[in-house]
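Chain and residue survey
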Amino acid sequence: MNIADYIRDIQDFPKEGIGFKDITPLLNDHAAMVEATNQLLALVGNKKIDRVVGMESRGYFFATLLAEKLGAGFVPVRKPGKLPFDTISEAYGLEYGTDILEIHTDSIKPGEKVLIHDDVLATGGTAEAVCKLVERLGGEIVQVNFLMELSFLHGRDKLANYDVKSLISY
């Protein structure tokens, strides 16, 4: 099964000039979703994972599935003001603006093995910010993985110090 067949292109979303990769067809097809999960698990291999960190919001879909399959806890990273407990934050840039991400201060303990997952690697700003948050909490980043990568945006360059994997590259 080719996972890329379940991702559709939406032009000029969320703003003019952006080519958005829509994963809802993938999420709507049970067999494709299971296959994508299995392929993402294969990227991790036998590495020990204590926590899977997912980025708001599309990163949550597969991050929670990966956490369950890996016997790990799930840690949500969200936009400011969305998490109810004590947080730390990190600003970041993306291909069409800037934003801030937050994580609970008690979500990762020093030395825990962390898998970071998001749906797409674009400019790398979001993933880089999450790596900084995880490391500030003392987590050890085992891998940063993605459903897809927009390689022409060179986001991987910002993650050169990490083991970066993606299922699909555009």
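In what follows, the structure referred to is the one given above.
Everything numeric in this text was worked out from a predicted model, so none of it was measured.

1. Remarks on helix H3 (residues 58–70)
Taking 1.5 Å per residue, 13 residues should reach 18 Å; H3 reaches 19 Å between its end C-alpha atoms and fits that length. Considered for burial, the residues of H3 that qualify are Arg-58, Gly-59, Tyr-60, Phe-62, Ala-63, Leu-66 and Ala-67. Of the residues one or two after H3, Gly-71 is the one with positive phi, at around 65°.

2. A short note on the nonpolar core
Within the largest apolar cluster, 24 residues are counted, with the highest numbers of intra-cluster contacts made by Val-53, Ile-116 and Val-144. At the level of secondary structure, the elements contributing two or more residues to this core comprise strand E3 (51–55), strand E4 (73–77), strand E5 (87–94), strand E6 (97–104), strand E7 (113–121), helix H4 (125–136) and strand E8 (140–149). Ranked by the residues each element gives to this core, the list is headed by H4, at six residues. Every residue in contact with Val-53, bar those within four places of it in the chain, is listed here: Ala-63, Val-75, Val-77, Ile-108, Val-114, Leu-115, Ile-116, His-117, Val-130 and Val-134. Core analysis: the next-biggest nonpolar cluster, separate from the first, contains 22 residues, Leu-27, Leu-41, Ala-72 and Leu-115 among them.

3. Concerning the environment of Leu-115
Looking at the secondary structure, you find Leu-115 in strand E7. Measuring from C-alpha to C-alpha, the distance between Leu-115 and Lys-48 comes to 9.3 Å, with 67 residues separating the pair along the chain.

4. Remarks on the sheet that holds E3
The strand order E4-E3-E7-E8-E9 describes an open sheet built from five strands, whose pairing is parallel. Where the open sheet ends on each side, the last strands, each with one partner, are E4 and strand E9 (164–169). Strand-to-strand, the axes of this sheet are offset by a mean angle of 20°, without reference to chain direction. Here five bridges tie E8 to E9, and the two strands are oriented parallel to one another. Paired with Met-148 across the bridge in E9 is Ile-168. Along the sheet, H4 makes contact with E3, E4, E7 and E8, crossing E8 at roughly 160°.

Cut-offs applied
Residues numbered from 1 in each chain as written. Predicted model: local features only at pLDDT ≥ 70, side-chain atom pairs only at ≥ 80, totals over all residues. Heavy atoms only, no water. Helix = DSSP H or I, 4+ residues; strand = E, 2+ residues; numbered from the N terminus. Expected span 1.5 Å × (residues − 1). Buried < 20%, exposed > 50% of the residue type's maximum accessible area, 1.4 Å probe, protein only. Core = buried A, V, L, I, M, F, W, Y, C linked by side-chain atoms within 4.5 Å. Contact = heavy atoms within 4.5 Å. Pairing = 2+ DSSP bridges. Axes fitted to C-alpha atoms, helices over the stretch in contact; angles between N-to-C directions.

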